[in-house]
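Each chain, written out:
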Amino acid sequence: MPVGIFRVCLVVITAIVNHPLLFPRENGTVLENTEEIIQKMKEREQSLRLEQLRLEQEIADQEARQKTVEKAAQVVEESPEEKVRWDMWTALSMVIFLLIELWRQDFQEGNWQDTGGEEDDMAVLGKAFKGVSFPDKAVLTSFYEKRILGTTGDMARMREMVEGFADDLLEALRSVCNRDADMEVEDCMGVGSMYENWRVRKPFVCDLIVPFAPPEPYCFRSQTWCSGDSFPPDEQGYGTIKVCRADKDVAGCICDKTKLGEDMLCLLHSQANTTRPSSEMEDLLCFKNTQYLDSDQVMKWFQIAVTKAWNKISHKYEFDLSFSLLDMPGALKIKFRSGKSIAFNLTPVVQYENSDVYFISHFPRSGLAADLPSSTHWFLTFAVYERRFIQLISKTLPANACHVSCLQILSFLHGKQCSLTGPSGLTNYHLKTVMLHLLQACPSQDWAPAKLEARLQDMLKFLEKCLHEKKLYHFFIGNGKVPEELGFPIIFQRAEPLNLFRPFVLHRDVYRKTVDTFQEMLRNMSALINEYTVHIPHAHTNGIHKESF
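Residues numbered from 1 in each chain as written. Predicted model: local features only at pLDDT ≥ 70, side-chain atom pairs only at ≥ 80, totals over all residues. Heavy atoms only, no water.

Looking at an unreviewed UniProt entry, the protein carries the name Inositol 1,4,5-trisphosphate receptor-interacting protein, with the source organism given as Tricholaema leucomelas. Among the UniProt annotations of the protein, the heading Function (unreviewed entry) holds the following wording: "Enhances Ca(2+)-mediated inhibition of inositol 1,4,5-triphosphate receptor (ITPR) Ca(2+) release." UniProt's Sequence similarities (unreviewed entry) comment on the protein is quoted here verbatim: "Belongs to the ITPRIP family." (UniProt positions renumbered as here; feature names shortened; annotations may be inferred.)

Student: Would you take a moment to explain helix α5 (residues 295–313) for this structure?
Tutor: Given 3.6 residues to a turn, an α-helix orients residues that are three or four positions apart in the same direction. The end-to-end C-alpha separation of α5 is 27 Å, in line with the 27 Å expected for 19 residues at 1.5 Å each. Burial in α5 covers these residues: Ser295, Val298, Met299, Trp301, Phe302, Ala305, Val306, Ala309, Trp310 and Ile313. Taken down its axis, α5 places every buried residue within 165° of arc, on the same side. In α5, the exposed positions that point more than 90 degrees away from the buried face belong to Lys300, Ile304 and Asn311. Regarding α5, its N-cap is Asp294, as a side-chain oxygen of that residue lies 2.9 Å from the backbone nitrogen of Asp296 further along. (Helix = DSSP H or I, 4+ residues; strand = E, 2+ residues; numbered from the N terminus. Expected span 1.5 Å × (residues − 1). Buried < 20%, exposed > 50% of the residue type's maximum accessible area, 1.4 Å probe, protein only. Arc of directions from axis to C-beta. Polar contact = N/O pair within 3.5 Å; in protein donor to acceptor, adjacent residues only side chain to side chain.)

Student: What's the story with the packing of helix α7 (residues 403–421) against helix α12 (residues 508–531) in this structure? I'm lost.
Tutor: The packing of two helices is summarised by the inter-axis angle and the distance between the axes. Between α7 and α12, the least distance of the axes is 8 Å, while the angle of their chain directions is 110°. By the criterion of interaxial angle, the relationship of α7 to α12 is roughly perpendicular. Of the two possible hands of crossing, α7 and α12 adopt the one that is right-handed. Every residue of α12 that contacts α7 at Leu410, Leu413, His414, Lys416, Gln417, Cys418, Leu420 and Thr421 is listed here: Lys513, Thr517, Glu520, Met521, Asn524, Met525, Leu528, Ile529 and Glu531. (Axes fitted to C-alpha atoms, helices over the stretch in contact; angles between N-to-C directions. Parallel < 35°, antiparallel > 145°, perpendicular 65-115°, else oblique. Left-handed = near helix turned anticlockwise from the far one by under 90°. Contact = heavy atoms within 4.5 Å.)

Student: Explanation requested: the pairing of strand β8 (residues 331–336) in the structure shown.
Tutor: Taken residue by residue, a regular strand's side chains alternate between the two faces of the sheet. Summarising the sheet, strand β7 (residues 319–323) and β8 pair through 5 bridges and their orientation is antiparallel. By the bridge assignment for β8, Phe323 is matched with Leu332. With 5 bridges connecting them, β8 and strand β9 (residues 341–351) associate as antiparallel partners. Considered in β9, the bridge of Lys333 is made with Ala343. Hairpin connection of β8 to β9: 4 residues between the antiparallel strands, including Gly339 at a positive phi of 105°. (Pairing = 2+ DSSP bridges.)

Pasting the structure below:
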């Protein structure tokens with residue numbers, strides 16, 4: 001730029017010096033023809049002006065280029081910072097966009113408004129209890145004593161009868177099985193609501209599980225979703241069972257890993273102890289061409305074995321035994337000549353290591369394992385530990401504590417509502433899980449009999465919150481606060497919590513039906529309870545407590 005300024009100054013000085021006024025007229029060297037001189041001077045002046053314009057344009061171009069270079073240098077210096085800033089804003093914008101999209105799917109598509117655009121009476125989850133009247137303690141107590149308490153004696157008599165018959169049936173089953181080839185059946189155990197004394201709706205059904213083991217020299221080696229290997233999300237809560245030889249790796253023997261010569265013999269393993277060919281693994285109820293236990297094969301074997309056992313002892317009894325439901329292989333029904341019947345479930349299970357956790361092929365009436373990934377996947381049941389936990393915690397509660405009463409009332413209300421509007425995604429197992437969580441969270445004194453109303457409200461509110469969030473975690477899996485007295489396996493305590501409401505995230509229609517049923521149950525709660533409640537004098541209560549949740 002200084003060079004350009006110098007050149008402009010030089011042109012201006014030259015023009016001034018050559019201007020005609022600087023030459024005096026008396027100069028003797030001036031030409032006689034004045035007009036010709038003036039014309040030449042004008043031409044010279046014109047050429048100098050053109051040169052000046054050219055130089056000014058050149059200077060302007062140089063200045064523009066200089067500014068462009070400086071700006072480019074500034075951009076280069078600031079580009080890393082600007083790029084980072086731009087990347088940050090881009091990432092933030094993407095996150096905001098994804099959150100908005102998720103919100104739109106969860107709320108806009110799942111709105112609870114009718115086609116007419118008017119607000120639904122059920123409102124939005126989170127406001128479910130507005131305007132819901134709740135029966136007071138006197139009404140609840142009367143309802144419980146009349147409708148629920150009287151069934152306890154019936155359950156005790158039924159349990160005794162079913163257990164005695166099941167023991168006799170399993171003893172006959174052992175006698176008809178081949179001890180060298182068939183599975184070894186152990187004694188049955190009672191689990192579920194009938195053995196935890198909270199079942200209320202008829203018909204009463206006893207749930208019995210029957211552990212079994214493979215014949216010698218085989219054993220079961222189980223693998224769960226939390227054992228370290230990666231399992232897909234839809235297989236959380238499941239495991240597989242492999243049939244292996246118990247002495248397969250004894251003392252690190254290499255006879256199974258190396259071909260021995262014809263004249264060599266392994267002193268640890270004789271030829272009689274060789275593993276069965278894979279084609280014969282189906283004899284051990286494995287899936288075709290695998291060593292994994294097949295739940296379908298197990299149930300077929302168990303049905304055949306039970307049929308043989310009944311044929312052996314049927315002459316001793318004055319009733320008939322049959323399989324009651326085709327889609328529940330372990331569902332049995334005793335039919336008396338009088339026309340009465342008793343139903344119970346006898347389900348084979350496999351013990352997980354040395355614990356009281358069991359692999360079970362299906363859950364009768366619960367729907368928890370409705371969609372098994374495959375017949376080689378077995379669901380885990382913690383029913384034995386659940387029963388023990390209730391027994392253990394009951395020892396710390398006040399006399400006649402209301403925890404079982406709350407669960408019975410809630411189970412009755414939900415079952416009655418489902419009989420009116422059809423089944424929903426909620427099961428009695430979900431309701432029991434809610435009670436287990438509150439038993440651990442609430443102080444012991446809060447479960448006194450006088451606090452029945454408050455605790456029932458707590459259970460409903462907790463359940464409503466879980467439905468709103470689509471999250472109800474399994475009580476034992478991922479729970480580090482399980483009492484040590486239970487001897488619960490640590491591997492499940494350290495596992496990630498298992499969401500029992502995960503199907504609601506995947507199946508919106510089931511979720512909406514479940515919410516509809518829950519909301520309808522809340523609205524009908526007073527009517528359902530009053531239907532089974534004896535008359536209470538007006539002096540003691542107004543019938544319905546007007547205070548809402």
